[in-house]
Amino acid sequence: MKRRFFLRAALVVAGAGAVLGGTIFMRRGIADDHLTDSGREVLRGIALGVLDNLLPADAAAREAALAQHVQHMETFLLGVPAALRQEISLLLGLLGNTVGRAALTYMPTSWANASVAQVQAALETLRTHPMTTQKMVYHAVRDLTTIVFLAQPENWKSAGYPGPTDL
């Protein structure tokens with residue numbers, strides 16, 4: 001009886017892992033050299049949490065800035081080496097998946113419906129998690145978001161950077 005129980009438990013765990021893996025693969029962040037809708041949603045949500053104080057306060061201007069940022073993220077991600085792009089795509093798929101997002105960030109709400117405070121709490125969960133992998137995810141998404149945003153001259157003013165000085 002014990003052996004059968006363990007075999008059944010192993011089959012259930014393997015099945016659950018296969019289903020989760022399949023849904024992550026189907027919802028990956030980049031497909032056919034474009035961000036997927038799921039990937040866009042994750043990147044927009046992360047940008048909302050990371051760049052909150054740098055984005056315009058006006059709702060329409062804020063949405064326009066977020067849309068432009070996601071477009072810049074897509075351009076950047078399509079320019080990285082294929083192996084790195086695949087890893088980022090799978091990470092976006094994991095974060096875009098309900099189970100993956102909840103497991104990594106403990107955020108029950110989708111990225112599209114999350115408030116700034118919920119996204120920031122989810123990112124803080126990643127940052128302070130005892131496992132190194134979650135901390136690496138936090139640093140990757142925060143750093144990529146910040147680098148791509150600040151690489152655009154139109155965003156320098158909101159960050160308090162006057163631009164390069166003439167020599």
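A short tour of the structure in this document, coming up. (Residues numbered from 1 in each chain as written. Predicted model: local features only at pLDDT ≥ 70, side-chain atom pairs only at ≥ 80, totals over all residues. Heavy atoms only, no water.)

What follows deals with the packing of aromatic side chains. The relative placement of two aromatic rings is captured by the distance of their centres and the angle of their planes. As enumerated under the stated definition, the model contains one aromatic pair in all. For the ring pair tryptophan 156 and tyrosine 161, a centre distance of 5.1 Å and an interplane angle of 75 degrees mean the geometry is edge-to-face. (Phe/Tyr/Trp six-rings, centres within 6.5 Å; stacked < 30°, edge-to-face > 60°.)

With that settled, the discussion passes to the environment of glutamine 134. Structurally, glutamine 134 can be placed in helix α7 (residues 132-150). Between the C-alpha atom of glutamine 134 and that of threonine 105, which follows or precedes it by 29 residues, the distance is 8.6 Å. (Helix = DSSP H or I, 4+ residues; strand = E, 2+ residues; numbered from the N terminus.)

The biggest cluster of nonpolar side chains holds 24 residues, and the ones touching the most others in it are Leu35, Leu43, Leu77, Leu92, Leu95 and Trp111. When residues of this core are traced back to their parent elements, those giving at least two are α2 (37-50), α3 (59-78), α4 (82-96), α6 (116-128) and α7. Excluding anything up to four places from it in sequence, leucine 95 contacts Val42, Ile46, Arg101, Leu104, Thr105, Trp111, Val137 and Val141. Grouped together as the second largest cluster of nonpolar side chains are seven residues, Ala47, Leu48, Leu55 and Ala65 included. (Core = buried A, V, L, I, M, F, W, Y, C linked by side-chain atoms within 4.5 Å. Buried < 20%, exposed > 50% of the residue type's maximum accessible area, 1.4 Å probe, protein only. Contact = heavy atoms within 4.5 Å.)

Right, let's get into unusual backbone geometry. Of note in the backbone geometry, aspartate 33 takes a positive phi value of approximately 60 degrees without being a glycine. Overall, the relative accessible area of 53% leaves aspartate 33 in the exposed class. The backbone of tyrosine 106 shows a phi angle near 65 degrees, a positive value even though the residue is not glycine. Within the fold, tyrosine 106 resides in the loop between α5 (98-105) and α6. Overall, tyrosine 106 belongs to the exposed group, its relative accessible area being 53%.

Another aspect to go through is the environment of lysine 135. Following the sequence through the fold, lysine 135 ends up in helix α7. Sequence separation of lysine 135 and threonine 125 is 10 residues, and the distance between their C-alpha atoms is 8.8 Å. Residues within four places of lysine 135 in sequence aside, it is in contact with Leu126, Arg127, Thr128 and His129.

Under the counting rule described, the total for this entry stands at five salt bridges. The partner of arginine 44 in a salt bridge is glutamate 63, and the shortest N-O contact between them spans 2.5 Å. Note that arginine 44 is positioned in helix α2 and glutamate 63 in helix α3, a separation of 19 residues in sequence. Judged by its relative accessible area of 40%, glutamate 63 falls in the partly exposed class. Here arginine 142 ties to aspartate 143 by a salt bridge, and the two come within 2.7 Å at their closest N and O atoms. With relative accessibility at 33%, the residue aspartate 143 sits in the partly exposed group. (Salt bridge = Lys/Arg side-chain N within 4 Å of Asp/Glu carboxyl O.)

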